[in-house]
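# An overview of the molecular structure
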Amino acid sequence: MPSAMEIYKLLPKKNCGECKSPTCLAFAMQLANQKVALAACPYVSPEAKATLEESGAPPIKLITFGPAEAPSKLGDETQLFRHDKTFYHPTVLGIIVDDAKGVLAMKAGIESAKSMSFERVGQMVRVDSVAIRHSTGNPADFLESVKLAASSGLSVVLMTEEPKLMAEALSLCAPGKPLLYRATPQNLDEMAAVAKGCGFPLVIGGAASIDELTQLSERAKKAGLADLVLEPVATSANLLLEDMTLVRRAAIRKKLRLLGFPTLSVLGSSNSDEAKAALGIMKYSSVVLMEELPREFVYPLLALRQNIFTDPQVPIQVKAGLYTVGEPNDKSPLLFTTNFSLTYFTVRADIEKSRVPVWLLVVDTDGQSVMTSFAAGKLTPEIVQKAMDTQKVKEKNSRNEIIIPGQVSRMSGKLGELTGMKIFVGPRESSGLPKMLKSLTA
Amino acid sequence: MANEALKEKFQGRIHEVAIGATKEQGGTRRSRIVVGGENGLPFHKFESDAPHMPVIAMDVIDTVRVVPEQLVKSMGPVVKDPVEWAKKCERDWGADLCVLKLQSANPEEENRSVAECESLVREVLKATSLPLVVYGCGVEEKDAKVMEAVSNAGRGERLFLGQAEEKAFKSITAAAMANGHGIVAFSNLDINLAKQMNILLLDFGMKPENIIMDPLLAALGMGLEYSYSVMERLRLGALSGDPVLQMPIITDCSCAWAVPEALEEDQAKGKPELRGVYWETLTAYAAAVAGSDILIMRQPDAVKRVRAALSELAGGA
Ligand code: B12
Ligand code: SF4
């Protein structure tokens, strides 16, 4: 956002008060603090309006594609390093299916992409997108697969450099707002016309350097396109790192509008591509498209994405409270743990393996793990006792015993005193819980 | 805009630190490994120089107790014998360094004696020629004695001893200084603690070129994001000129094998053996991208993948 003085210079300076601010300067100050909208002044010139809107826009434009129920959101990032604030929009992961392999293989590829969906620490993580590519195969297979992809629930990327085929393909999946891949220096004018006609975002790429990519972006802008995705060179990992870094710096540090768009990397399926996919997640790729990959790799890759895009200020956490696993009664075992998502879901999964119904008291530790919160004084016997009172644990459970995490065995004495309960020190790792629970209730 | 305008120059540079000593240098190692020396962000070769690639140190543990079953299977029976394990790291698995972890010295576990630990170090030194890092069991009183013995056993070899912690660094640092070894400075996911640890060591008389720092790597899915950001901040601090942060970074990526998700049975996530390999691979790769100079790793396939990925990232392939 520009400063109050920069805004003031562009205002009509009538001081008429119609904006409900006494003077233009006061209005400018309110605007700079984002307290009012520019539209409140009836007299701003269209030029001033354009200038202000442009300079107030985020350094990297937010681009959305995919179905309205599960859109893929790209860009709108403001940082080079996550610790400076956070990264907002997790890299969209897509699987490429290619018509060179025939329609059956493409269909299988789409199904496989759909199946790469997992729950991890209480969130859904998944392959978000499927990219249908026309290369050397039959255009009919390509179009057939586009139709299939359109009903997959995934966001769709259409990959062909032939404008006519693109136009045909997008008519088959238009309600799902596909991403169009791509315009190159060779086909830009025709492809821009297609994109303009449908209003869907367009990838621009095939440029040999960042300078050339900038020129391409300028041509696209002149052609009237506002929603672009940039594809810098990614032929090797070191080039990917260099170009992604420079593009991100240009957008954020230099406010270079022509490079202020999300980015995309197209990869293959070799070990080297796997590493590049991880690099893309860490270093500024908004979209990573890969050829089919083993699920043994996809799951940890999704975990990496979740880690990198976690807000550094706020750990992923669950609500504190008294949870049930299975259908416990007043004689079922009672355990406690912390409200750090990773801790809670790990412990819960291990309890479920035992098939023993239990009460699980989740103590509010500001989303920290057992040892971290214990070391930080956020998991004390007093805090546990208070949580028991607030949750009225004793009203629901008459066993008068509590199982505590093995790593905080040191709190048993004090906790026993405070609650009058018998303390059972559990295993250090919750993986030992099934055995313990079964023996307890045997 | 020309690329030049987007490039970044830093005034700081990471110290070069050498591990191991060859015959000419008074030891018996086949080569000396040098890390550090970079004056830019990791792999930012387009705007800085990095004379040394990150290296891979493979760990050898003196007790199979802590090695997950699946690893015992995929790495073979050698993991039951630390000397054979170390030989394998050198001859078959292409490690740059070896990290010997004397965990069985722990009084609450096997409680192996100081003499036994010392003789194991001697044997490993005799049977292999990789530069060696030796970690104690983490119990201060015991490590004080173990490390003194290790230091003497490795005289001339320029070992690195670990780990110096804020509340327990004097005896281990004295042991390192006594025979010209280096030290691994541990801190807990906190840039101020890392800095504090280095200051303590420098005040104690340790030279900066004898220190590498371990800011604690949390594995993928276990808080990797904290470690990633701590390392980025440490590196940015060092490059912008803070002399007490200009030490190379070492991270223990073998922690990936302790993550339940890496090895759990779940068909939807594929085979656990392979998933585990990827888990360690991605943990290590992320550590390198964030600024780690020495990656401690365990599984040979993961080592191979990481080595290839890093060489491409450094512009080598
Ligand atoms: C990530 C991390 C952090 C993150 C926090 C992440 C978070 N949201 O909690 C950050 C960087 C913020 C952090 C900070 C600190 N940390 Co910290 N941190 C870690 C780390 C690397 C991983 C913790 C983790 O997520 N574990 C995973 C979860 C799932 O484990 P968990 O909650 O313990 O649950 C397991 C068991 O306890 C058990 N379990 C859980 N509940 C239950 C319930 C029952 C009934 C049973 C039977 C079992 C059970 O099963 C679970 C799965 O096995 C560990 C080291 C490590 N590798 O473990 C250090 C560690 C926990 N941290 C430690 C310390 C000292 C700190 C700090 C005090 C240091 C500092 N820098 O000031 C601060 C405190 C924070 C503060 N002041 O607010 C120490 C604790 C030392 C000790 N023994 O007391 C550790 C062990 C590191 C070390 N080796 O020194 N930390
Ligand atoms: S309405 Fe416009 S011209 Fe009138 S005071 Fe407000 S800003 Fe100034």
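Calculation criteria
Residues numbered from 1 in each chain as written. Chains lettered and ligands numbered in written order. Predicted model: local features only at pLDDT ≥ 70, side-chain atom pairs only at ≥ 80, totals over all residues. Heavy atoms only, no water. Helix = DSSP H or I, 4+ residues; strand = E, 2+ residues; numbered from the N terminus. Buried < 20%, exposed > 50% of the residue type's maximum accessible area, 1.4 Å probe, protein only. Contact = heavy atoms within 4.5 Å. Near = heavy atom within 4 Å. Nonpolar A, V, L, I, M, F, W, Y, C, P; charged D, E, K, R; others polar. Pairing = 2+ DSSP bridges. Axes fitted to C-alpha atoms, helices over the stretch in contact; angles between N-to-C directions. Left-handed = near helix turned anticlockwise from the far one by under 90°. Polar contact = N/O pair within 3.5 Å; in protein donor to acceptor, adjacent residues only side chain to side chain. Buried area = accessible area lost by both parts, 1.4 Å probe. Salt bridge = Lys/Arg side-chain N within 4 Å of Asp/Glu carboxyl O. Disulfide = S-S within 2.5 Å. pLDDT = per-residue confidence, 0-100.

To continue, consider the side chain of A:Arg305. Residues and elements named next belong to chain A. Position of Arg-305 relative to the elements: it lies in helix H11 (residues 295-308). A relative accessible area of 7% places Arg-305 in the buried class. In contact with Arg-305, not counting residues within four places along its chain, are Pro-90, Thr-91, Val-92, Leu-93, Val-125, Arg-126, Asp-128 and Ile-281.

Close to ligand 2 lie A:Pro12, A:Lys14, A:Asn15, A:Cys16, A:Gly17, A:Glu18, A:Cys19, A:Cys24, A:Phe27, A:Cys41 and A:Pro42, which account for all nearby residues. Broken down by class, the residue content of the shell around ligand 2 amounts to seven nonpolar, two polar and two charged.

Now for the sheet that holds strand E5 (residues 132-135) of chain B. All names here are of chain B. Ordered by their spatial adjacency, eight strands build an open sheet running E8-E7-E6-E5-E4-E3-E10-E9, and the pairing between neighbours is parallel. For this open sheet the edge positions go to strand E8 (211-214) and strand E9 (250-252), each flanked by a neighbour on one side alone. For this sheet, the mean inter-axis angle between neighbouring strands, taken without regard to orientation, is 25°. By the bridge criterion, four bridges tie strand E4 (residues 97-101) to E5 in an arrangement that is parallel. In the sheet register, Lys-101 faces E5, and the bridge partner there is Tyr-135. Seen against the sheet, helix H9 (residues 272-290) touches E9 and strand E10 (294-297) and runs at an angle of roughly 165° to E10.

Our next topic: the packing of helix H3 (residues 114-127) of chain B against helix H4 (residues 140-153) of chain B. Residue and element names in this part refer to chain B. The contact between H3 and H4 brings their axes to 9 Å, and the two run at 35°. In terms of crossing hand, the pair formed by H3 and H4 is right-handed. When H3 is examined against H4, the residues Val-114, Cys-117, Glu-118, Val-121, Arg-122 and Leu-125 are found in contact with a partner set consisting of Lys-142, Lys-145, Val-146, Ala-149, Val-150 and Ala-153.

This next bit is on the sheet that holds strand E10 (residues 228-230) of chain A. Residues and elements named next belong to chain A. Taken together, the eight strands give an open sheet; going across it, the order is E10-E9-E8-E7-E6-E3-E12-E11, and neighbouring strands pair in parallel fashion. Single-partner strands in this sheet number two, and they are E10 and strand E11 (264-266). In this sheet, adjacent strand axes meet at a mean angle of 25° when their direction is disregarded. For strand E8 (residues 179-183) and strand E9 (residues 202-204), the ladder comprises three bridges, and the chain directions are parallel. Paired with Ala-183 across the bridge in E9 is Ile-204.

With that out of the way, let us pick up the side chain of A:Asp128. All names here are of chain A. Within the fold, Asp-128 resides in the loop between strand E5 (123-126) and strand E6 (129-133). Reaching out from Asp-128, the side chain makes a polar contact with the backbone nitrogen of Leu-93 at a distance of 2.7 Å. Setting aside its immediate chain neighbours within four residues, Asp-128 contacts Ser-72, Thr-91, Val-92, Leu-93, Leu-154, Ser-155 and Arg-305.

The next point concerns the interface of chain A and chain B. Counting residues at the interface gives 43 residues for chain A and 44 residues for chain B. Summed over both partners, the interface of chain A with chain B buries about 4,000 Å², with 64% contributed by carbon and sulfur atoms. Remark: the boundary between chain A and chain B carries seven salt bridges. One salt bridge connects B:Glu8 with A:Arg253, and the closest N-O pair in it is separated by 3.2 Å. For the pair chain A and chain B, the number of links is 17 residue pairs in polar contact (both at pLDDT 80 or more).

All right, on to the state of the cysteines then. Residues and elements named next belong to chain A. Tallied over the full model, the rule gives zero disulfides over all chains. Between Cys-198, a free cysteine, and Cys-173, which holds the nearest cysteine sulfur, the sulfur-to-sulfur gap is 9.3 Å. What makes Cys-198 partly exposed here is its relative accessible area of 23%.

Per-residue pLDDT for chain B averages 96, and the proportion of residues at 70 or more is 99%. Here the prediction assigns the complex a pTM of 0.93, and the interface score ipTM is 0.95.

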